[in-house]
Amino acid sequence: MKNTLKRDVRAKVGEDSNIVALSNHRLAAAGKPASNGTRRGDPPPSGSMRVAPRAADALPTGAPERRVAVRKSLKAAAKARARRGGRRMSPEKVIKESQHWLDIIARADRLPISRKKRVVKETVKSFDAYFNSGFLEYRKSVAEAEQYAAIEWTGEGNYIEDIMGRRYIDCLGGFGIYSAGIRHPKIVEAVRRQLDRMPLSSQELLDPLRGALAEILGEIAPGNLQKCFFINNGTDAVEGAMKLARLYTEKSGFISTIRGFHGKSYGSLSLMGKADYRVAFEPLLQDVYFVEFGDADEVEWQLKKARDVGLDIAAVVAEPVQGEAGAIVPPDDYWPRLREICDEYDVLLIADEVQTGLGRTGRLFGVDHWDVIPDIMCLGKALGGGVMPLSAFISTPEIWKVLEKNPFLHSSTFGGNPLACAAGIAAIHVTLSEDLPGQAAEGGAYLLAGLRDVQSRFPEHVVDVRGKGLLIGVEFDTTEIGYAVASGLFRRGVLVAGTLLNAKTLRFEPALSIPRKLIDEVLGHLDETLRSLV
């Protein structure tokens with residue numbers, strides 16, 4: 001096969017002489033000896049190949065330098081071919097494929113069994129080839145679903161149903177987004193009606209729903225927390241809180257907690273207290289210091305050291321209850337002492353309520369358990385009512401003033417859009433009118449008691465049961481047992497999950513209104529699963 005990359009000196013003699021002349025011009029300017037134009041590995045020049053620089057090749061004084069030609073190596077050529085790929089659909093085929101899925105969406109409740117089986121195969125194939133095949137290895141919906149992978153299709157209240165009609169009691173709640181249940185009719189209706197009028201913001205006219213939701217949130221937030229900003233997910237809320245804290249205090253450092261989870265974008269990841277997520281992206285923000293969650297003395301000691309050596313700390317960041325760590329509840333004096341310590345050392349206190357906010361722990365906000373008012377609070381997950389992605393960070397008017405001089409220091413294209421704000425208004429209405437925090441407190445006490453009864457019968461496997469409200473963790477003796485329990489519950493029609501990378505502790509986060517009858521059913525399936533492992 002002809003090597004098209006090999007130089008043909010005889011054919012390009014004039015072009016090469018230009019390159020040699022240009023190179024010599026640059027070398028002379030740098031005070032270095034001129035080159036004869038040969039490269040490492042080239043054959044020695046022969047008399048017939050020598051070309052003297054022509055006068056026309058010399059660059060006039062002050063003229064801009066010509067760009068040197070780049071010769072593509074074999075390796076670069078291979079990379080270029082790989083980038084082009086060979087899998088691209090024609091526009092006509094893309095139109096046909098997208099119409100295929102539009103038809104499935106339109107006929108979701110009337111698909112024949114053959115079409116459903118095809119959807120299952122196509123979904124697994126698409127995840128593997130185009131999304132992130134690693135997800136398939138971590139999903140029980142693939143590994144434990146027997147003949148057909150479990151493809152989520154519909155849900156309502158406390159139940160999720162896959163495309164093949166298998167029904168599951170949802171005790172996972174999308175990691176806390178379904179506090180009001182799946183497809184709560186009042187929240188869905190609010191979003192549907194808004195969709196009929198205006199889906200997203202014009203970015204110029206004032207959106208009334210954004211103002212209305214801001215007022216409602218400012219009225220229910222603890223203490224004097226009043227000014228807020230809306231974005232799309234929890235990590236965005238934490239990023240905004242970090243920027244606000246730095247801007248207000250004119251300090252750069254943060255104190256976070258070991259095993260704390262605050263998101264995976266660059267700033268929030270810097271607060272992450274888990275090496276599994278951090279190490280691959282180091283170096284992160286350098287002025288972040290970690291302490292044990294629940295140990296206020298260590299926070300005070302860290303702040304004292306920082307003051308003594310001249311380190312600037314803008315804020316202390318913590319979750320009221322650590323969710324991703326496995327529902328870790330701090331001592332009752334922890335949050336009150338954090339408030340006192342932050343005031344004493346003149347640093348801000350940021351409460352990450354992304355998972356605990358809006359009733360999950362049995363109070364409207366997690367910090368309400370200890371009557372603590374943070375300086376900045378982050379919200380997410382349940383704020384969108386399980387229908388739209390929505391998050392927020394909220395602070396006091398005094399702190400917020402630093403953003404008012406230039407409100408575009410922090411902005412978002414989709415944050416606080418009309419659909420999300422309609423969902424947020426409806427979610428808060430449902431949370432208060434149905435007393436979801438009160439239901440979470442009662443249901444959580446009942447579920448905790450039942451889980452501890454199971455623990456008493458299987459002490460060799462169940463190490464601990466803990467939580468507040470309906471943010472509950474069940475810790476097992478090994479990761480293998482934890483995964484086996486989660487898998488056994490899945491096969492019995494109950495959805496639970498461990499932390500993102502570890503199944504030793506399983507989290508229970510059902511809808512806050514889950515009835516006792518369903519809790520009893522879940523406890524029965526857990527008992528059956530553990531008996532099968534003995």
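Here the residue index of a chain counts from 1 through its sequence in written order. In view of the model being predicted, local features appear only for residues whose pLDDT reaches at least 70, and side-chain atom pairs are presented and counted only at 80 or more, with totals across whole chains, interfaces and linings using the full set of residues. Hydrogens and water are ignored here; the side-chain numbers use all heavy atoms of the structure.

1. Some points on the overall build of the chain
Thinking step 1. To qualify as a helix, a DSSP run of H or I must reach at least 4 residues; to qualify as a strand, a run of E must reach at least 2; elements of each kind are numbered from the N terminus. Check the secondary structure of the chain and you find 19 helices and 15 strands.
Thinking step 2. Only protein chains enter the area calculation, which uses a 1.4 Å probe; residues under 20% of their type maximum are buried, those over 50% are exposed, and those in between are partly exposed. For the chain, buried positions account for 46% of its 534 residues.
Thinking step 3. By definition in these notes, contact holds between two residues if any of their heavy atoms fall within 4.5 Å. In the chain, once contacts between residues fewer than 6 apart in sequence are set aside, the share between residues at least 24 apart is 71%.
Thinking step 4. When the accessible area of the chain is evaluated, it comes to approximately 28,200 Å², of which 54% is carbon and sulfur surface. To measure how exposed things are, a 1.4 Å probe is used in the Shrake-Rupley method; for residues, cover is taken only from the protein chains shown.

2. Some thoughts on helix 13 (residues 296-309)
Thinking step 1. In a helix, the anticipated span is given by 1.5 Å times the number of residues less one. Between the first and last C-alpha of helix 13 there are 20 Å, a value that for 14 residues agrees with the 20 Å anticipated at 1.5 Å per step.
Thinking step 2. All buried positions along helix 13 are accounted for by Ala-296, Val-299, Gln-302, Leu-303 and Ala-306. Across the axial projection of helix 13, the buried residues extend over an arc of 120 degrees, all falling on one side. Exposed residues pointing more than 90 degrees away from the buried face of helix 13 are listed as Asp-308 and Val-309.
Thinking step 3. What qualifies as a polar contact is a pair of N or O atoms within 3.5 Å, subject to a donor-acceptor requirement within protein and to the restriction that residues adjacent in sequence count only when both atoms come from side chains. Between the side-chain oxygen of the N-cap and the backbone nitrogen of Asp-297 there are 3.1 Å, and the N-cap of helix 13 in question is Asp-295.
Thinking step 4. A positive phi of about 85 degrees marks Gly-310, the residue just after helix 13. Here, the arc refers to the directions that run from the helix axis to the C-beta atoms.

3. Overview of the sheet that holds strand 13 (residues 494-495)
Thinking step 1. A sheet is described by the order of its strands in space; here four strands give the open sequence 1-2-3-13, paired in mixed fashion. Looking along the sheet, the strands with just one partner apiece sit at the ends: strand 1 (152-156) and strand 13.
Thinking step 2. A pair of strands counts as paired when DSSP detects no fewer than two bridges linking them. Across four bridges, the pairing between strand 1 and strand 2 (residues 159-162) is antiparallel. Bridged to Gly-155 within strand 2 is Ile-160.

4. Some remarks on the pattern of salt bridges
Thinking step 1. Put simply, a salt bridge is a Lys or Arg side-chain nitrogen that is within 4 Å of an Asp or Glu carboxyl oxygen. Under the criterion given, the structure shown has 25 salt bridges.
Thinking step 2. Where Arg-110 meets Asp-109, a salt bridge forms, and the shortest distance between an N and an O atom there is 3.4 Å. Each member of the pair Arg-110 and Asp-109 is classed as exposed.
Thinking step 3. In this structure, the salt-bridge partner of Arg-339 is Asp-375, at a minimum N-O distance of 2.9 Å. Remark: Asp-375 occurs in the loop between strand 8 (348-352) and strand 9 (376-379) and Arg-339 occurs in helix 14 (residues 334-345); sequence separation between them is 36 residues.
Thinking step 4. Take Arg-339: its relative accessible area is 13%, and that puts it in the buried class.
Thinking step 5. One network of salt bridges, with partners in common, ties together Lys-274, Glu-324, Arg-507 and Glu-509.

5. Side note on the sheet that holds strand 6 (residues 288-291)
Thinking step 1. Pairing is mixed in the open sheet, where seven strands are placed in the order 4-10-9-8-7-5-6. In the strand order of this sheet, the two ends are held by strand 4 (227-231) and strand 6, each with one partner. Taken over all neighbouring pairs, the strand axes of this sheet differ in orientation by 20 degrees on average, direction set aside.
Thinking step 2. Where strand 8 meets strand 9, three bridges bridge the pair, whose relative direction is parallel. Axes here refer to lines fitted to C-alpha atoms; in helices the fit is confined to the stretch in contact. Angles between the N-to-C directions go from 0 to 180 degrees.

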